[in-house]
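# Secondary and tertiary structure notes
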Amino acid sequence: MAIVVIGAVFVDVKGFPEDNYIPTGRNAGRVEIVHGGVGRNVAEDIANVELRPRFVSLVDDDDQGEAVLKKLNNHKVDTRFVEQVPDGMGMWLAVFDNTGDLAGSISKRPDLSYMAQLLEEKGDEIFADADSIVIEIDLDKEIIKQVFKFAKKYNKKVYAVVANMGIASQRRDFLQSTDCFVCNVLEAGILFVSDFSKLSPEELCLELKEKVRRAKIPAVVVTMGGKGSVYADMHGNCGICPAKPVQVRDTTGAGDAYCAGVAIGLTYGKTIEEAMKIGTKLAASVITLSENVCPRFLPRELGLDIEVEDLDK
């Protein structure tokens, strides 16, 4: 049994200035290269809560791809369904300002065409005993269709996260088949063609519950950075979870860790409000680091009644 995560792998190249960031100038600083990608980050975050997620993805058929697999395996991610193919990984180039916020980025998407074939051939083995499914909702349509086919066949809940909201906003029909969609406030604005950026959590609650109801999306959770996060479902329920105040070093991966926490909580019996608290704790732990993922937690530290055995095996 495991949470199945379907998503892409990226190599993240991140630049950090030594002083105040000047957008049009030369900025002295440091450059770090880390493994990234929304799906990959979520899988490793789940593994760092001492759960054993099953990752479905592609990596390059070279040393860099081998390095990604080695790290995931070291974190106890099940990589049996990660295939090595040409151009299997993407790349994300990002520059951060002196406060740790993203100042600009460019990404190259991987070629994920082989993943649909992988799901067609091995879908039953992948999904039959899954605890739940987490998917990047902006993957190729054929991949999404395959995932929902198996989710329906085996009655599995699907939690969605997003890497490219411009693509995901065209997938409203798929979002209606999810159990919960997690995004940030800017992405929610793109989805609902609204400007939420200046709203308080209380104001967003009121806006969101009406828009979610009309869109017939079962549940949406929206992160608002230091303002916390908000949820609404299509039955008119909504709520707010405050943020944890921490020193920000790098915001990369915080949203992915938050999604991992929400998916973990909802998978293992927590209410959506309780799951949001887990997501908030994981996200807060990420932004204090330069890594893209959370440090290790035991399930009981997050209020999960899950016994974990043989952690080092």
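Residues numbered from 1 in each chain as written. Predicted model: local features only at pLDDT ≥ 70, side-chain atom pairs only at ≥ 80, totals over all residues. Heavy atoms only, no water.

## A short note on the sheet that holds strand β3 (residues 29–36)
The condition that has to hold: Strand pairing is assigned whenever DSSP detects at least two bridges linking the two strands. Strands are runs of DSSP state E lasting at least two residues, helices are runs of H or I lasting at least four, and both sets are numbered from the N terminus onward. The convention used is that axes are lines fitted to C-alpha atoms, helices contributing only their stretch in contact, and that angles between N-to-C directions extend from 0 to 180 degrees.
Strands sit in the order β3-β2-β6-β7 across an open sheet of 4 strands; the sheet is mixed. The sheet is open, and its two borders are formed by β3 and β7 (102–108), each paired with just one other strand. Recorded for the sheet is a direction-independent mean angle of 15° between the axes of neighbouring strands. The pairing of strand β2 (residues 10–17) with strand β6 (residues 90–96) spans 6 bridges and is parallel. Note that in β6 the partner of Asp12 across the bridge is Trp92.

## What about the pattern of salt bridges?
Oppositely charged side chains can pair when the atoms bearing their charge come close. Applicable threshold: Each salt bridge in this description consists of a side-chain nitrogen of Lys or Arg and a carboxyl oxygen of Asp or Glu lying within 4 Å of one another. Working definition: with a 1.4 Å probe on protein chains only, accessible area under 20% of the residue-type maximum means buried, over 50% means exposed, and in between means partly exposed.
Scanning all chains against the criterion turns up 17 salt bridges. Asp78 is paired through a salt bridge with Arg80; the nearest N and O atoms lie 2.8 Å apart. Judged by relative accessible area, which is 18%, Asp78 ranks as buried. Because the salt bridges share partners, they merge into one network encompassing Arg54, Asp78, Arg80, Glu125 and Asp129.

## Points about the packing of aromatic side chains
Here is the rule: Stacked, tilted and edge-to-face are the three classes assigned to paired rings of Phe, Tyr and Trp, where Trp is represented by its six-membered ring and a pair needs centres within 6.5 Å; plane angles under 30 degrees give stacked, over 60 edge-to-face, the rest tilted. Whether a charge lies above a ring is judged from NZ of Lys or CZ of Arg, which has to be within 6 Å of the ring centre and within 35 degrees of the ring normal.
This model, assessed by the stated rule, comprises 4 aromatic pairs. Between Phe127 and Phe150, the aromatic rings sit 5.5 Å apart at their centres with planes inclined by 20°, giving stacked as the arrangement. Linking Phe127 in helix α3 (residues 113–127) with Phe150 in helix α4 (residues 141–154), this pair joins segments that are 23 residues apart in sequence. Phe150 sits in the buried class, given a relative accessible area of 3%. Aromatic ring contacts, followed pair by pair, group Phe16, Trp92 and Phe96 into a single cluster. We note Arg30 situated over the ring of Phe16; from NZ or CZ to the ring centre the distance is 4.2 Å.

## Quick word on the side chain of His35
Here is the rule: Polar contact is the term for a pair of N or O atoms within 3.5 Å; when the atoms are in protein, one must be able to donate a hydrogen and the other to accept it, and sequence-neighboring residues count only if both atoms are side-chain atoms.
With respect to the helices and strands, the residue His35 is situated in strand β3. Classification of His35 by relative accessible area gives buried; the value is 13%. A polar contact of 3.5 Å, which involves the side chain of His35, links it to the side chain of Gln64.

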